[in-house]
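# Reading the structure
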Amino acid sequence: MDLMLFAPEITMVVTGLAVLLIGLFLPVESKKVLGYLASLGILIALYFTVASLGTNALAFYDTLSVDALSQFFKIVFLVVALLFSIAAVKYTEGSKNTEEFYVLAIFATIGMMFVASANDLMVLFVAFELASISTYALSGFEKNNAQSLEASIKYFLIGSLSAALMLFGITFLYGVTGTTSIPGIAAGAAALAASPIGILAVVLLIAGFGFKIALVPFHMWAPDTYQGSPSLVSSLLAAGSKKMGIVAAFKVFIVALIALKVEWQIAFAILAVITMTVGNAAALSQTSVKRMLAYSSLAQAGYITMAFVVLTPMALGGGILYALSHGFMKAGAFIVTAAVVYMVLSENKDAQNPDHIDNFRGLGRRMPITALSMTVFVFALAGIPLTAGYMSKFVLFSSTIQAGFAWLAVIAILNSALSLYYYAKIVKYMYFLPTEGKKVSEPLPYTLALVVAVAGVLAIGFWPEPFIYWAMEAAKVLLAGGM
């Protein structure tokens, strides 16, 4: 077996161990170097992943696959991890637990990468748990912050429930087909379709993945967890962890359970409509920007779920492209919030609700690069042309209409129009409402991460062809495996 197939994962493991060991011997004031080391390791892993685009191989007794789909999502996870690690240089400044923060994030990313490569449900489940356990700890990283601890406990409890449901579903699939191999389960389609156990497995897996992706009504953990967690951790959860659930659901439903398509297609149609509508409606009344972004994230998950309903090559490619675009947009928006929280707490360390929308008043004058970046992110999330959000929605919504699901596209377009209200509200606060605060120096790590994220959003918007091509190549893996 060629170990170079997994050079990105090996690089991440080596980076995580190096950060942990070096951090043990560094004084607190020198631990900033760990952020640079983590970012370098992620960049190297990203290089190996991009360099291996076009590779197709199976490894470890066919339990892992390297193909266009896995490589595409690894790029999504590594991009989000890179933005996270760059911005975390400032967030972890002066913290004696810096190495733990980076190691947990790196191992969470490794778990996500193995989920993308999983060709067997047990490998997928173990990788899922590696990422989940790491992010449970990250959510409660601020041990003296009651909101952070509450977020971590809620995330852990709901995450454990979803893991149990998912494991039950997997055991039923094994009981009917006699295998946990994803292609093997697809080959046992006749037995699954003929048995009521197959339907029960579908119900349990939809609930399990629904929790991970935060589809309504399985979303109750997301707003509290995203609001209470450190803003950078929220960026990793919304932009990375959620995509892990999406790629896993793609593999399980579209490849392994395609024989039961009629049953789960209807369920996903209902969940998509409810999720995008509830997410946008709830976001309208929020005064916490992190909570608003959390509900917005639900709505975006609803849009991506449309790919499970339409199931055409273009729709699947659109859903996959949306995952990459959302990684840039949502991670960037949460990093902006982290910068604002830093600004507020720098002026008053006892400030309550530092992510309140009132703290965004006059941000265009106080932190011009941060405000401009937020404007790009929220416009992209709303689907304004020449941004990644517009291109992703265009591909996904147009493919939905072409496939005969015009009603679903109309609901999505109406929801997208509704979201303009709360996105515009943030822009109004940043540029049109006065503030008594003075201009502040924008921290370089946050600014650098935001510039990278804005570049990604605009690159997909202005030059979409290569990104659409890669997304369509990734969609072909699903089509070849399950349809």
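All values derive from a computational prediction rather than experimental measurement.

Our next topic: the overall build of the protein. Helix and strand counts for the protein stand at 20 helices and two strands. Taking 2.2 N^0.38 as the reference for a compact globule, 483 residues should give roughly 23 Å; the C-alpha atoms of the protein span a radius of gyration of 21 Å, in line with that estimate. Along the longest, intermediate and shortest principal axes, the C-alpha atoms of the protein span 70 × 55 × 40 Å. Here the protein, with 483 residues, has 62% of them falling under the buried criterion. Considering only contacts within the protein whose residues lie at least 6 apart along the sequence, 80% involve residues at least 24 apart.

Time to look at the packing of aromatic side chains. Per the stated rule, a full pass over the model turns up 27 aromatic pairs. Where tryptophan 221 meets tyrosine 226, the ring centres are 5.9 Å apart and the plane angle is 85 degrees; that geometry is what we call edge-to-face. Exposure class is identical for tryptophan 221 and tyrosine 226. Each is buried. Taken together, the ring pairs in this structure connect Phe128, Phe209, Phe250, Phe253, Trp264, Phe268 and Phe308 into an aromatic cluster.

At their nearest, the axes of helix α12 (residues 261-283) and helix α13 (residues 289-310) sit 7 Å apart, and the two run at 155 degrees to each other. Classed by the angle they form, the pair α12 and α13 counts as roughly antiparallel. The interaxial crossing formed by α12 with α13 has left-handed handedness. Across the interface between the two elements, Trp264, Gln265, Phe268, Ala269, Ala272, Thr275, Met276, Gly279, Asn280, Ala282 and Ala283 of α12 pack against Met292, Tyr295, Ser296, Leu298, Ala299, Gly302, Tyr303, Thr305, Met306, Phe308 and Val309 of α13. Taken together, the residues of the contact of α12 with α13 break down into 15 nonpolar, seven polar and no charged.

This next bit is on the packing of helix α1 (residues 7-24) against helix α4 (residues 98-117). Two elements in contact, α1 and α4, have axes whose closest approach is 9 Å; the angle formed by their N-to-C orientations is 165 degrees. Taken together, the axes of α1 and α4 are roughly antiparallel relative to one another. In the packing of α1 onto α4, the handedness of the crossing is left-handed. Across the interface between the two elements, Pro8, Glu9, Met12, Val13, Thr15, Gly16, Leu17, Val19, Leu20, Gly23 and Leu24 of α1 pack against Glu99, Tyr102, Val103, Ile106, Phe107, Thr109, Ile110, Met113, Phe114 and Ser117 of α4. Split by residue class, the contact of α1 with α4 holds 14 nonpolar, five polar and two charged.

Moving on, we get to the UniProt feature "domain: NADH:quinone oxidoreductase/Mrp antiporter transmembrane" (unreviewed entry) in the protein. According to UniProt, the "domain: NADH:quinone oxidoreductase/Mrp antiporter transmembrane" (unreviewed entry) feature falls on residues 118-418. In residues 118-418, the share of helix is 80% and the share of strand is 0%. The end C-alpha atoms are 37 Å apart.

What follows deals with unusual backbone geometry. Residue proline 217 follows valine 216 across a cis peptide bond; omega there is 15 degrees. With respect to the secondary-structure elements, proline 217 resides in the loop between α9 (196-213) and α10 (221-228). In this structure, phenylalanine 60 is a non-glycine residue whose phi angle is positive, near 50 degrees. The residue phenylalanine 60 is located in the loop between β1 (57-59) and β2 (64-66) in this model. Residue phenylalanine 60 is classed as partly exposed on the basis of its relative accessible area of 42%. The residue asparagine 353 is not glycine, and still its phi comes out positive at about 50 degrees. Looking at the secondary structure, you find asparagine 353 in the loop between α14 (313-347) and α15 (363-366). Asparagine 353 sits in the partly exposed class, given a relative accessible area of 43%.

It is worth spelling out the nonpolar core at this point. Formed by 169 residues in total, the largest nonpolar core has its most connected members in Phe253, Leu257 and Trp264. Among the elements that line this core, the one with the most residues is α14, at 18 residues. Beyond its immediate stretch of four places on either side in the chain, tryptophan 264 contacts Val202, Ile206, Phe253, Ile254, Leu257, Ile258, Phe308 and Leu311. Counting residues in each nonpolar core, the second largest holds five residues, with Leu5, Ala59, Leu64 and Val66 among its members.

What follows deals with the pattern of salt bridges. The tally for this structure, following the rule as stated, stands at eleven salt bridges. Between lysine 154 and glutamate 150 there is a salt bridge whose closest N-O contact spans 2.9 Å. With lysine 154 and glutamate 150 both in helix α6 (residues 146-177) and four residues apart, the pair spans about one turn of that helix. What makes lysine 154 partly exposed here is its relative accessible area of 29%. Between arginine 361 and aspartate 358 there is a salt bridge, with the nearest N and O atoms lying 3.6 Å from each other. The exposure class assigned to arginine 361 is partly exposed, which follows from its relative accessible area of 29%. A relative accessible area of 37% means that aspartate 358 is categorised as partly exposed.

Rules and cut-offs
- Residues numbered from 1 in each chain as written.
- Predicted model: local features only at pLDDT ≥ 70, side-chain atom pairs only at ≥ 80, totals over all residues.
- Heavy atoms only, no water.
- Helix = DSSP H or I, 4+ residues; strand = E, 2+ residues; numbered from the N terminus.
- Rg over C-alpha atoms; globule rule 2.2 N^0.38 Å.
- Buried < 20%, exposed > 50% of the residue type's maximum accessible area, 1.4 Å probe, protein only.
- Contact = heavy atoms within 4.5 Å.
- Phe/Tyr/Trp six-rings, centres within 6.5 Å; stacked < 30°, edge-to-face > 60°.
- Axes fitted to C-alpha atoms, helices over the stretch in contact; angles between N-to-C directions.
- Parallel < 35°, antiparallel > 145°, perpendicular 65-115°, else oblique.
- Left-handed = near helix turned anticlockwise from the far one by under 90°.
- Nonpolar A, V, L, I, M, F, W, Y, C, P; charged D, E, K, R; others polar.
- UniProt positions renumbered as here; feature names shortened; annotations may be inferred.
- Core = buried A, V, L, I, M, F, W, Y, C linked by side-chain atoms within 4.5 Å.
- Salt bridge = Lys/Arg side-chain N within 4 Å of Asp/Glu carboxyl O.

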